[in-house]
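What follows is each chain in one-letter form.
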Amino acid sequence: MADTQVKYTPSPKAGNPGLLSSAATTMQQRTRMLRAVYGGTETMRAMGAEFLPQYDKENDTRYNSRLASTFALNKMREAVDAASAKPFRTLLKVINGDPDLDLWVQDIDLQGNHLHVFAHQFFNNALLDGMCHFLVDHPDTYNMKSLADQKASGARPFMKAFKVDDVAAAYDMYVGGDVKTVHVRIRSQRAERDGFKEVLYNQMRVIEIDPAKTSGIVQLWEQKATSGGSNWDFIEETPLQNMAEVPFVTMYAGEKEADYQVRPVFIDLAYKQIEHWISTSDQRSILSAARFPMLACSGVQIDPDDEAQFAIGPYKVLYAPEANGRWYFVEPKGTAIESGLKDLEKLEMQMDMMALNPVTGTHRQYVPQNERDIQETRVHSVVHDLAIQCQDAIEKGIRFMGQWTGKDYSQVQVILNTEFSNTKDRLLEVAQLATLWQNRGISREVLLQEIRARNLLGDDFNLQAELALWQKVDEMMATGGDNMFPGRWTQADPAKESGGSAGSSTTGTPPAAPTAQPKPDFPPGQLRPKKQI
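Residues numbered from 1 in each chain as written. Predicted model: local features only at pLDDT ≥ 70, side-chain atom pairs only at ≥ 80, totals over all residues. Heavy atoms only, no water.

The next thing to look at is the overall build of the protein. Across its full length, the protein holds 14 helices and 15 strands. Looking at the protein residue by residue over its 533 residues, the buried ones come to 38%. Expressed as a percentage of contacts within the protein between residues at least 6 apart in sequence, the contacts between residues at least 24 apart total 61%. (Helix = DSSP H or I, 4+ residues; strand = E, 2+ residues; numbered from the N terminus. Buried < 20%, exposed > 50% of the residue type's maximum accessible area, 1.4 Å probe, protein only. Contact = heavy atoms within 4.5 Å.)

What follows is the structure, encoded as structure tokens:
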């Protein structure tokens, strides 16, 4: 019988922990391009000929001038920021927690950031790079004598986010039918002051666990930032206990190709923006050459010594040795300019589509409603699924926080906004729900739940408190002899309109037979007002 036991070999204390895994090598090549495009004009110019090729026989002066006059239409930033904002339009909610977790949520990373802000940044980085990570860490309490000392120090678990470039390697393993992270190498940097100078040190933390146990190690390595590569010094190793896996959480936003390797959801948009960058540069160059007529003359012999200075462009003179000497202006017809403009318009429309823009520009001024609905459905389904993945990632991180402190947070839920329809549509839906409630088709609780799900109630809305309040109102109305059904006192009762009785005020069921309507409790001579509209 084959040996199925997972074998564990601790990381050595010598070597080069900065070596990249194959997945990290692939991802860092992609994120370098994605980050440059997301940065817009400044970072795209910094990429030089990699994004804007230099033409044959184009001198450096002319190329640098062309590069400096090229500006980015940053659809990439617009797309990422717009998509990442949708699930965070309303405050992130954490339910089924406890007082400790409620306090931690207010400062989830020990940097003063609420979990809502932290999760939004995490989601934004995942959309841009294709994935993002965070580590659930805990301050070192190894030298503290007791739990009381630990609480007095304020030590508690926290989350720390890491971009793709921060992770040199990460490995998962199937253990007991579940996928667990067993090894992570995370980059960081620290600064040491030497007088008025600053010395930078690159750091590498190696975090790994023994898959067959609930323990592992954490190593710290350092090198001077100016050392240039592989000269890493082993600093220390500390135990990692009571953890069945590395408390490392990853969210994928795109097509997963392998563990920690993904094709980002907006990578095609990034390539399209580079294409637009090149076309914009060409178009601007054409306009520079064609916007001003060129002065020309004929019947002039060019001196061979001046042949090298011969050039075509604005403010240049064209010489041609013809029999009849004359001066005149040469102006292009503009066909190439029009073709370039059409190319840019086409590229911008394609960029809108890749940016998940539901109101994609076309050659028409009006986008038909059915076409817009199809596009919105496509957009909402993509962002909706990613929002659910983000919820799952944050919930997993909270469970890790519970493991650090011996708490069971398996029932904790994180709620993000997944209702992306516009306000007009949501109001129409609520009007239909209100009609159902008026006709006794749904309960008040269901009505309020549906309204809250459409983000039409404030972040501080408390459903249970609201239901308790209206329960008291119902009891007061019943005690006052109004004979209204529970939950229905705010509207006319059909039984009253027909002269019948509402029957029992506790069952909420129609009466078996109509009875006389009790007189309203109003001063003599004053009648109960009736609805006029």
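What follows continues from the structure just given.
On to the nonpolar core. Ranked by internal contacts, the top residues of the largest apolar core, which has 75 residues, are Phe51, Met76, Met159 and Phe248. Leaving out residues up to four positions away in the same chain, phenylalanine 248 has contacts with His133, Phe134, Leu135, Val167, Ala170, Thr181, Val184, Ile186, Tyr260 and Phe400. Grouped together as the second largest cluster of nonpolar side chains are 6 residues, Val430, Leu433, Ile442 and Leu447 included. (Core = buried A, V, L, I, M, F, W, Y, C linked by side-chain atoms within 4.5 Å.)

Their axes nearest at 9 Å, the elements helix 1 (residues 22-39) and helix 6 (residues 115-129) cross at an angle of 105°. In terms of their interaxial angle, helix 1 and helix 6 are classed as roughly perpendicular. On helix 6, the residues touching Met27, Thr31, Leu34, Arg35 and Tyr38 of helix 1 are Asn124, Asn125, Leu128 and Asp129. (Axes fitted to C-alpha atoms, helices over the stretch in contact; angles between N-to-C directions. Parallel < 35°, antiparallel > 145°, perpendicular 65-115°, else oblique.)

The next thing to look at is the packing of aromatic side chains. Applying the stated rule across the entire model yields 7 aromatic pairs. For the ring pair tryptophan 104 and tyrosine 409, a centre distance of 6.4 Å and an interplane angle of 80° mean the geometry is edge-to-face. Here tryptophan 104, found in helix 5 (residues 99-106), pairs with tyrosine 409, found in the loop between helix 10 (369-405) and strand 15 (413-415); they are 305 residues apart in sequence, far enough to count as distant. Take tryptophan 104 and tyrosine 409: they sit in the same class, and that class is buried. Grouped by ring-pair contacts, the aromatic residues Phe118, Phe122 and Phe134 constitute a single cluster. Over the ring of phenylalanine 71 we find arginine 45, and its NZ or CZ is 4.7 Å from the ring centre. (Phe/Tyr/Trp six-rings, centres within 6.5 Å; stacked < 30°, edge-to-face > 60°. Lys NZ or Arg CZ within 6 Å of the ring centre and 35° of its normal.)

All right, on to unusual backbone geometry then. A positive phi angle is found at tyrosine 260, which is not glycine, with a value near 60°. The exposure class assigned to tyrosine 260 is buried, which follows from its relative accessible area of 5%. Backbone geometry places arginine 440, a non-glycine residue, at a positive phi of 60°. By secondary structure assignment, the location of arginine 440 is in the loop between helix 11 (423-438) and helix 12 (444-453).

Our focus in this paragraph is the environment of glutamine 54. Inspection of the secondary structure puts glutamine 54 in the loop between helix 2 (41-46) and helix 3 (60-68). Through-space distance from the C-alpha of glutamine 54 to that of asparagine 64 is 9.3 Å; in sequence the pair is 10 residues apart. One polar contact links the side chain of glutamine 54 to the main-chain carbonyl oxygen of glutamate 58, over a distance of 2.8 Å. Looking at glutamine 54, its side chain comes within polar contact range of the side chain of aspartate 60, at 3.1 Å. (Polar contact = N/O pair within 3.5 Å; in protein donor to acceptor, adjacent residues only side chain to side chain.)

Here helix 13 (residues 463-479) contains 17 residues, and its C-alpha end-to-end distance of 24 Å stays within 8% of the 24 Å for a straight helix at 1.5 Å per residue. Considered for burial, the residues of helix 13 that qualify are Leu463, Leu467, Val473 and Asp474. An end-on view of helix 13 places all buried positions within 120° of arc, on one side of the element. Turned more than 90 degrees away from the buried face of helix 13 sit Gln464, Lys472, Met476 and Thr479, all of them exposed. For helix 13, the N-terminal cap is asparagine 462; the gap from its side-chain oxygen to the backbone nitrogen of glutamine 464 is 3.1 Å. (Expected span 1.5 Å × (residues − 1). Arc of directions from axis to C-beta.)

To continue, consider the pattern of salt bridges. For the structure on display, the rule yields 13 salt bridges. Residue lysine 256 pairs with aspartate 259 through a salt bridge whose shortest N-O separation is 3.5 Å. Here aspartate 259 falls in the partly exposed class, since its relative accessible area comes to 39%. (Salt bridge = Lys/Arg side-chain N within 4 Å of Asp/Glu carboxyl O.)

A separate point is the packing of helix 12 against helix 13. Packing of helix 12 against helix 13 brings their axes to within 11 Å, and their N-to-C directions diverge by 145°. As for the relative orientation of helix 12 and helix 13, their crossing is right-handed in sense. Listed contacts from helix 13 to Arg444, Glu445, Leu448, Gln449 and Arg452 of helix 12 are Leu463, Glu466, Leu467, Trp470 and Asp474. (Left-handed = near helix turned anticlockwise from the far one by under 90°.)

Nothing here speaks to function; it is all geometry.
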